[in-house]
Amino acid sequence: MSEESQPRCVNCGNFIDDCNCVCPYCGETVKCTCCIGSDKATGG
């Protein structure tokens, strides 16, 4: 996937794969089960 087609996190501006934002509900990143999830589909 080219950089132009990769989504960016709306909070930090990093590419989703490089996003280190935490879930506002549980404080987790990859381990989040409430909104971010393991694929970080919602950003962070």
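Before reading further, recall that the structure is shown in the block above.
If you're wondering where the values come from, they're calculated on a predicted model, not measured in any experiment. Position labels on residues start from 1 in each chain and follow its written sequence. Whole-chain, interface and lining totals are the exception, using all residues; otherwise, since this is a predicted model, local features are given only for residues with pLDDT of at least 70 and side-chain atom pairs are given and counted only at 80 or more. Neither water nor hydrogens contribute to the side-chain values; these are computed over all heavy atoms in the structure.

Draft legend 1. Looking closely at the overall build of the protein chain. Scanning the protein chain for helices and strands turns up zero helices and zero strands. Buried, partly exposed and exposed residues are distinguished by accessible area as a fraction of the type maximum, computed with a 1.4 Å probe on protein chains only: under 20%, between the cut-offs, and over 50%, respectively. Within the protein chain, the proportion of its 44 residues that are buried is 27%. Any two residues whose heavy atoms approach within 4.5 Å at even a single point are treated as in contact. Long-range contacts, defined here as pairs at least 24 residues apart, represent 13% of the contacts in the protein chain between residues at least 6 apart. Here the protein chain displays about 3200 Å² of accessible surface, and carbon together with sulfur accounts for 47% of that area. A run of H or I in DSSP counts as a helix once it spans at least four residues, and a run of E counts as a strand once it spans at least two, with each numbered from the N terminus. Surface accessibility follows the Shrake-Rupley procedure with a 1.4 Å probe radius. Residue values consider only the protein chains on display as shielding.

Draft legend 2. Region of interest: the packing of aromatic side chains. Stacked, tilted and edge-to-face pairs are distinguished by plane angle, under 30 degrees for stacked and over 60 for edge-to-face with tilted covering the rest, among Phe, Tyr and Trp rings (Trp via its six-membered ring) whose centres lie within 6.5 Å. Following the criterion strictly, the structure yields zero aromatic pairs and no others. When the NZ atom of lysine or the CZ atom of arginine is within 6 Å of a ring's centre and also within 35 degrees of its normal, the charge is said to sit over that ring. One cation-aromatic arrangement involves Arg8 over Phe15; the distance from NZ or CZ to the ring centre is 4.0 Å.

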